Amino acid sequence: MKQLLDYNFFDPELLECPYEFYKLAREQAPVMELPSPITNAKLFLVTRYDLVVEILKDTAVFSSNFSTLLAGKQEQDEQLQQIYAQGWPQMNTLLTADPPEHERFRALVNKAFTPSRVNKMHNSIQQIADELIDSFIDNNKCEFVSEFAVPLPVKVIADQLGVPRADLPKFKRWSDAFIARLGRMISKEQEIECAKDVVAFQHYFYDVIESRRLEPKDDLITDLVKSEVAGTRSLDIAELLSIIQQLLVAGNETITNAIAGGMLLLAQNPEQMALVQTDLSKLENFVEEVLRMETPTAGMWRVVKQDTKLADVELSAGSLVMIRFDAANRDPAKFEDGERFDVCRQNSGSHLAFGHGIHFCLGAMLARKEMQIAFERLLLRLKNIRLAQGDYKHLPNILLRGLTHLYIEFDKVA
């Protein structure tokens, strides 16, 4: 039997199926120091539910401003600096901002992400889902990631941002570039391509922002451009670009991964699929259980601002912490028999897939709505869903967990 020290957390094979490692880590070293190939700072991995929550609550000790610590040698490279100089500076807004700056950005963006706006999306999301299903249903099979899980959320967020669907391939490429940079598992050549994509994104959306100033529309970018909160200034170009970048990634990449992960769980657990298919009132809880089991944002960074102790482990100021949402979400201390997929689980909604505290995902309502509508349409129109090939793989990324492909077969509901 493997021991904890036999595992390499940064090994792509471990990231493909990390759950045995997580089990040992939670039991033996829930705050575990790792050798770090990505930063000169000390690096700790946190896998237990209660400890992850403790970190997320304590913004005074555990900072979200991790971008500088992760910059590393690649981003100090002269060639990369020349590329980034052609765009706008990367700003700490939502994901990487601490209080009190975070409250300002959150207040401004919340005004553009109201429940009424999200609720108005229902019919358009359902239409997109049905059009995608129409495109493959007569084949009785599909590659689910590229044919459904990717295009649905990309189309939804493109519509909400008010940009043409014809540009969807660009949005997907740019989103992939942002995630690759944040995950830190790329080569110098890949980093250069990602930098070019970041600058291309910035120039594209700069033009959109300026057009909305002149001609407002009913979309998120107009709301952000116009957004004002008493006692604060409006967002400048660099801040707007930072927020749109995060909305683009969160609005398609993470939802894509959650939808694809949910389909994999259904295909692997036909008895659970039958429970939902015969009682669609279970859809809401099914979505929460998918988010718990296949947490799309598997981990996130925090920087230790002052010497502290966590689970009797000394953490010095300047250390980097990787909080593992996907490990915490299977913690048996919080979720009984946490490795089991159970659409009737009573506390599925206690998962940390959307974070916790001040950084709780502002798009959580939209993500849940997209997933509920997507699986309602799928389960009403497809039956006997099964894996066509067993060689599915996940992207080698230490922050996001998502499938590269998923081939399924099914029967058409008469």
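Let me begin by describing the structure that accompanies this report. (Residues numbered from 1 in each chain as written. Predicted model: local features only at pLDDT ≥ 70, side-chain atom pairs only at ≥ 80, totals over all residues. Heavy atoms only, no water.)

1. Considering the side chain of T222
Here T222 shows up in helix 12 (residues 220–226). Under the relative-accessibility criterion, T222 is labelled buried at 1%. Sequence-distant contacts of T222, defined by excluding residues within four places in its chain, comprise R212, P216 and K217. (Helix = DSSP H or I, 4+ residues; strand = E, 2+ residues; numbered from the N terminus. Buried < 20%, exposed > 50% of the residue type's maximum accessible area, 1.4 Å probe, protein only. Contact = heavy atoms within 4.5 Å.)

2. Details of empty space enclosed by the protein
Counted according to the given criterion, the structure contains one cavity of 30 Å³ or more. One number sums up the size of the largest cavity: a volume of about 70 Å³. Lining the largest cavity, in full, are L15, P18, Y22, A298, R324, D326, H394, L395, N397, L400 and R401. The class makeup of the residues in the lining of the largest cavity is six nonpolar, two polar and three charged. (1 Å grid on protein atoms, 1.4 Å probe; cavity = no way out; pocket = protein on both sides within 12 Å on 5 of 7 lines; lining within 4 Å. Points joined across faces, edges and corners; volume = space filled by probe spheres on them. Nonpolar A, V, L, I, M, F, W, Y, C, P; charged D, E, K, R; others polar.)

3. Here's the deal with helix 2 (residues 19–28)
Buried within helix 2 are the following residues: Y19, F21, Y22, L24, A25 and R26. Buried residues along helix 2 sit against helix 1 (12–16), strand 1 (31–34), strand 2 (43–46), helix 15 (283–293), strand 8 (320–324) and helix 16 (325–328).

4. Observations concerning the pattern of salt bridges
Applying the stated criterion across every chain yields a total of 30 salt bridges. E27 serves as the salt-bridge partner of K23, at 3.0 Å between the closest nitrogen and oxygen. Of this pair, K23 and E27 both sit in helix 2, four residues apart, which is roughly one turn of the helix. Judged by relative accessible area, which is 53%, E27 ranks as exposed. Between R381 and D130 there is a salt bridge, with the nearest N and O atoms lying 3.1 Å from each other. (Salt bridge = Lys/Arg side-chain N within 4 Å of Asp/Glu carboxyl O.)

5. Points about the nonpolar core
Residues F144, F148, L152, F171, F205, I259 and F286 are the most contacted members of the largest nonpolar core, which totals 95 residues. Here the element with the most residues in this core is helix 13 (residues 237–268); it accounts for 16 residues. Those residues in contact with F148 that lie beyond four places of it in its chain are A129, L132, I133, F136, P153, I259, A374 and L378. Residues M32, I55, V304 and M322 belong to the second largest nonpolar core, which totals 44 residues. (Core = buried A, V, L, I, M, F, W, Y, C linked by side-chain atoms within 4.5 Å.)

6. Section: the pairing of strand 2
Judged by which residues are buried, strand 2 turns out to be covered on both faces: L43 and L45 on one side and F44 and V46 on the other are all buried. In terms of strand pairing, strand 1 meets strand 2 through four bridges, oriented antiparallel. Residue pairing across strands places V31 opposite V46, the latter belonging to strand 2. The pairing of strand 2 with strand 8 spans four bridges and is classified as parallel. Opposite L45, over in strand 8, you have M322 as the bridge partner. (Pairing = 2+ DSSP bridges.)

7. As for the sheet that holds strand 2
Within the open sheet, the five strands sit side by side as 1-2-8-5-3. Their pairing is mixed. Whereas interior strands pair on both sides, the edge strands pair on one side only; in this sheet they are strand 1 and strand 3 (62–63). Relative to the sheet, helix 3 (residues 49–57) contacts strand 1, strand 2, strand 3, strand 5 (299–304) and strand 8, its axis offset from that of strand 8 by approximately 125°. (Axes fitted to C-alpha atoms, helices over the stretch in contact; angles between N-to-C directions.)

8. Here's the deal with the packing of aromatic side chains
The tally for this structure, following the rule as stated, stands at 21 aromatic pairs. Taken together, a centroid distance of 5.9 Å and an interplanar angle of 40° make the contact between F171 and F205 tilted. Here F171 is found in helix 10 (residues 168–183), whereas its partner F205 is found in helix 11 (residues 188–214), with 34 residues between them in sequence. Taken individually, F171 and F205 each receive the classification buried, so the pair is uniform in this respect. Consider the rings of F286 and F375, whose centres lie 5.0 Å apart with planes at 80°: the pair is edge-to-face. Of the two residues, F286 is situated in helix 15 and F375 in helix 17 (residues 364–381); the sequence distance between them amounts to 89 residues. (Phe/Tyr/Trp six-rings, centres within 6.5 Å; stacked < 30°, edge-to-face > 60°.)

9. Considering the packing of helix 7 (residues 122–136) against helix 17
The interhelical angle for the contact between helix 7 and helix 17, taken along N-to-C directions, is 40°, at an axis separation of 9 Å. As the angle between them shows, helix 7 and helix 17 are arranged oblique. Relative to helix 17, helix 7 is oriented so that their crossing is right-handed. Touching H122, I125, Q126, A129, D130, I133 and D134 of helix 7 are L366, K369, E370, I373, R377, L378 and R381, all from helix 17. Grouping the constituent residues of the contact of helix 7 with helix 17 by class yields six nonpolar, two polar and six charged. (Parallel < 35°, antiparallel > 145°, perpendicular 65-115°, else oblique. Left-handed = near helix turned anticlockwise from the far one by under 90°.)

10. Let's talk about helix 14 (residues 270–278)
For helix 14, every residue scored as buried is listed here: Q272, M273 and V276. In an axial view of helix 14, the angular spread of the buried residues amounts to 100°, which keeps them on one side of the axis. (Arc of directions from axis to C-beta.)

11. Details of the environment of L45
Tracing the sequence through the fold places L45 in strand 2. Classification of L45 as buried rests on a relative accessible area of 1%. Along the backbone, L45 and V321 are 276 residues apart, and their C-alpha atoms lie at a distance of 6.0 Å. Dropping the residues within four chain positions of it, L45 is found in contact with F9, F21, P30, V31, M32, L34, M322 and R324.

12. Some words on the pairing of strand 5
Burial of strand 5 is extensive: six of the six residues sit out of reach of the surface. Neither face of strand 5 is left uncovered, since the one carrying G299, W301 and V303 and the one carrying M300, R302 and V304 both have all their residues buried. Strand direction decides the pairing type here: strand 3 and strand 5, joined by two bridges, are antiparallel. Each residue of the ladder has a partner; that of F62, found in strand 5, is V304.

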